[in-house]
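Chains, contacts and geometry: an overview
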Amino acid sequence: MSSEGTAGIIQPGARVPPFTLRREDLEPFTEADLQGQTSVLVFYPFAFSPVCTDQLSLYQEMLPDFAARGATLYGVSCDATHSQRAFRESLGVTIEQLSDFEPKGAACRAFGVYHAAGFPQRALVIVGGDGVVAWSYQAPSPSELPGANLIFDGLQSVGA
């Protein structure tokens, strides 16, 4: 399965583009950090928004099931690292947050999920341990929450 209703999101079979995001401790997170594991990049528009809150809370509940399939989830937004940390802590989630704040949206653009209004589209990208995109999905609207079942479907398509 690939993205539905969008032409821009990175497609399965593409190599992950070079990118740099920031971890909470401001250390860089790059394409090299995805090597050797199945990674799910969860692009979300805004920390503290209602749908994003529901999305990360739902995925947190399912983390043991994702881990059982060998997948590591990462939340990606254009929010500053301090906002992401406060968001993660307020929700009580352990999903690592990665900031695409500066230069704003550079990684989101590289993955084809940057909205012209200045935020990431709500999207999921599964990357295999070889650094190749295995599956991708973009919600038809930023207000639509992609259920955990989509991630499981994506993981099944990569044999995880």
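Basis of the calculations
- Residues numbered from 1 in each chain as written.
- Predicted model: local features only at pLDDT ≥ 70, side-chain atom pairs only at ≥ 80, totals over all residues.
- Heavy atoms only, no water.
- Helix = DSSP H or I, 4+ residues; strand = E, 2+ residues; numbered from the N terminus.
- Contact = heavy atoms within 4.5 Å.
- Areas by Shrake-Rupley, 256 points an atom, 1.4 Å probe, with all protein chains shown as cover.
- Lys, Arg positive; Asp, Glu negative; His and termini not counted.
- Charge placed at Lys NZ, Arg CZ, Asp CG, Glu CD.
- Buried < 20%, exposed > 50% of the residue type's maximum accessible area, 1.4 Å probe, protein only.
- Pairing = 2+ DSSP bridges.
- Arc of directions from axis to C-beta.

A few words now on the overall build of the protein. Helix and strand counts for the protein stand at five helices and nine strands. Counted from the first residue to the last, the protein has its helices and strands arranged as β-β-β-α-α-β-α-β-α-β-β-β-β-α. Each principal axis of the C-alpha atoms in the protein carries an extent, and together these give about 35 × 30 × 30 Å. Within the protein, contacts between residues at least 6 apart in sequence are counted, and of these 66% link residues at least 24 apart. Of the roughly 6,800 Å² that the protein leaves accessible, carbon and sulfur atoms contribute 52%. Of the charged side chains in the protein, 9 are positive and 17 negative; the average position of the first set lies 4 Å away from that of the second.

Below, the discussion takes up the pairing of strand β3 (residues 38-43). Most of β3 sits out of view: six of its six residues are buried. Across the two faces of β3 the burial is the same, with Thr38, Val40 and Val42 and Ser39, Leu41 and Phe43 all buried. Bridge count for β3 against strand β4 (residues 71-77) is six bridges, and the pairing is parallel. Looking across to β4, one finds that leucine 41 is bridged to tyrosine 74.

Listing the buried residues of helix α3 (residues 81-91) in full gives Thr81, Gln84, Phe87 and Arg88. Buried residues of α3, viewed axially, fall in a sector of 125 degrees; they line one side. Lining the buried residues of α3 we find β1 (20-22), α1 (50-61), β4 and β5 (96-99). Looking one or two residues past α3, glycine 92 carries a phi angle of roughly 75 degrees, positive in sign.

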